[in-house]
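Residue-level structural notes
Here is what each chain is made of, one letter per residue.
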Amino acid sequence: KPDVNATLNVVWNQQTYVLELTESAQPCLSLVFEVPVAKPVKGRAQPPSASRLLALLDTARAYPLLKQQHPGMVAGVQRVLPKAFQDHGDYTIWIDEVFRFDAEDTLVFHLTLFNQTARPIRYLPQSLMISVGDRVYFHSITDANGVIPPNVHTPVYLAITRSSDGSRNLLSPHNVFTVLLSRLPPEPSPPSAGEGPVPSSVP
């Protein structure tokens, strides 16, 4: 039919491809998917772009829904529920979920931070790291804002991509992970009523 278009989702080799179909006088009636011939790679492979990393965080957030309604979109994603717990005295960290996106060599962590005090706890978002044994991996992207409100369970997502030297980390989501962060000093409390500066006397 003229002026008709549609889309077709094809799941192949644990990847989902979206084909855009448009009306044509000379249509292509078949499409063959083939495994590409491996070519030697010179130098280090480029890491995923910032927009791609953001998409991985969104996929991790929506994983249960995608798994139920669009399983092909997460067919190649490994998901582990470690429920690992770290007690730091006045705050705790739970590692609720770990996802591995192998094509991007990226692990996404779903954390829950809980502040057990009556005052906000501040930390440097850029200091969030993941350690495995004696190796430490800086995050490649995170949605952390640097504040753990008092008595609130705060979800945080972060990703680690490749190793520090740019090579693939090949980390399994089944590893025992530890979350590291650098705290900031608490903000000073505002002065109470009547505690302001005393005006000097005028002769």
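Scroll up to find the structure this text is about.
Attention in this report is confined to the structure presented alongside it. All residue numbers refer to positions counted from 1 along the written sequence of the respective chain. Predicted model: local features are reported for residues with pLDDT of at least 70 only, side-chain atom pairs are reported and counted for 80 or more only, and whole-chain, interface and lining totals are derived from all residues. Side-chain measures here rest on the full set of heavy atoms in the structure, leaving out hydrogens and waters.

Quick word on the overall build of the chain
Helix and strand assignments follow DSSP, with helices taken as H or I runs no shorter than four residues and strands as E runs no shorter than two, numbered in order from the N terminus. Within the chain one finds 2 helices and 13 strands. Per-residue accessibility, obtained with a 1.4 Å probe over protein chains only, is compared with the maximum for each type, and a residue is labelled buried under 20%, exposed over 50%, and partly exposed between these values. Each of the 203 residues in the chain was classed as buried or not, and the buried ones make up 32%. By definition in these notes, contact holds between two residues if any of their heavy atoms fall within 4.5 Å. Partitioning the intrachain contacts of the chain with sequence separation of at least 6 by distance along the chain shows that 57% fall at a separation of at least 24. We get accessible surface area from the Shrake-Rupley algorithm with a probe of 1.4 Å; when it comes to residues, only the shown protein chains can shield them. Of the roughly 13600 Å² of accessible surface on the chain, 56% is carried by carbon and sulfur atoms.

Here's the deal with the layout of surface pockets
As defined here, a cavity is a set of points on a 1 Å grid over the protein atoms alone where a 1.4 Å probe fits but cannot get out. A pocket is an open set with protein on both sides within 12 Å along at least five of seven lines, and residues line them when an atom is within 4 Å of a point. Grid points are joined across faces, edges and corners, and a volume is the space filled by probe spheres set on the points. Its volume calculated, the second largest pocket comes out at about 230 Å³. Partitioned by chemical class, the residues of the lining of the second largest pocket number 6 nonpolar, 3 polar and 2 charged. In this classification, Asp, Glu, Lys and Arg are treated as charged, Ala, Val, Leu, Ile, Met, Phe, Trp, Tyr, Cys and Pro as nonpolar, and every other residue, Gly included, as polar.

Here's the deal with the sheet that holds strand 13 (residues 178–180)
For two strands to be treated as a pair, DSSP must find at least two bridges joining them. Judged by pairing direction, the sheet is antiparallel, and its 3 strands sit side by side in the order 9-8-13 without closing on themselves. Two strands lie at the open edges of the sheet, namely strand 9 (135–138) and strand 13, each paired on one side alone. Going across the sheet, the axis of each strand differs from the next one's by a mean of 30°, ignoring polarity. Summarising the sheet, strand 8 (residues 129–132) and strand 13 pair through 3 bridges and their orientation is antiparallel. Of the residues in strand 13, the one forming a bridge with I130 is V179. Under this scheme, a helix contributes an axis fitted over its contacting stretch, all axes are lines through C-alpha atoms, and angles between N-to-C directions fall in the 0 to 180 degree range.

Overview of the pattern of salt bridges
Salt-bridge detection follows one rule: a side-chain nitrogen of Lys or Arg within 4 Å of a carboxyl oxygen of Asp or Glu. Per the counting criterion, the structure on display carries 10 salt bridges. For D143, the salt bridge is made with R61, and the minimal N-O distance between the two is 2.9 Å. Taken together, the residues D143 in the loop between strand 10 (141–142) and strand 11 (147–148) and R61 in helix 1 (residues 50–61) connect sequence positions 82 residues apart. Residue D143 is classed as partly exposed on the basis of its relative accessible area of 33%. For R61, a relative accessible area of 36% translates into the label partly exposed. Here D90 and R183 are joined by a salt bridge, their closest N and O atoms 3.0 Å apart. Of this pair, D90 sits in the loop between strand 4 (84–87) and strand 5 (91–101) while R183 is found in the segment after strand 13, placing the two residues 93 residues apart along the sequence. R183 sits in the partly exposed class, given a relative accessible area of 41%. Taken together, the shared-partner salt bridges in this structure form one network comprising R100, D102, D105 and R168.

Observations regarding unusual backbone geometry
With phi around 55°, N151 is a residue other than glycine that occupies positive phi space. One can find N151 in the loop between strand 11 and strand 12 (153–161). Unlike most non-glycine residues, L170 shows phi in positive territory, near 55°. Relative to the assigned elements, L170 resides in the loop between strand 12 and strand 13. Residue classification places L170 among the exposed residues on the basis of a relative accessible area of 58%.

Let's talk about the packing of aromatic side chains
The description of an aromatic ring pair rests on the distance of the ring centres and on the angle between the ring planes. Two rings from Phe, Tyr or Trp (for Trp, the six-membered ring) form a pair when their centres sit within 6.5 Å of each other. Planes less than 30 degrees apart are called stacked, planes more than 60 degrees apart edge-to-face, and all others tilted. Scanning all chains against the criterion turns up 3 aromatic pairs. When the centroid spacing of 5.4 Å and the interplanar angle of 55° are considered together, the rings of Y63 and F99 count as tilted. Here Y63 is found in helix 2 (residues 63–69), whereas its partner F99 is found in strand 5, with 36 residues between them in sequence. Like F99, Y63 is buried. Ring centres of F85 and W94 lie 4.6 Å apart, and the angle between their planes is 50°; this geometry places the pair in the tilted category. The exposure class of W94 is partly exposed, given its relative accessible area of 32%. Geometry around Y157 places R61 over its ring, the cationic atom sitting 5.1 Å from the centre. Only when the NZ atom of a Lys or the CZ atom of an Arg is both within 6 Å of the ring centre and within 35 degrees of the ring normal do we say a charge sits over the ring.

Some words on the environment of L184
As for its placement among the helices and strands, L184 is situated in the segment after strand 13. Looking at L184, the relative accessible area reads 29%, which means it is partly exposed. Between the C-alpha atoms of L184 and R122, which are 62 residues apart in sequence, the distance is 5.3 Å. Those residues in contact with L184 that sit more than four places away from it in its chain are R122, Y123 and L124.

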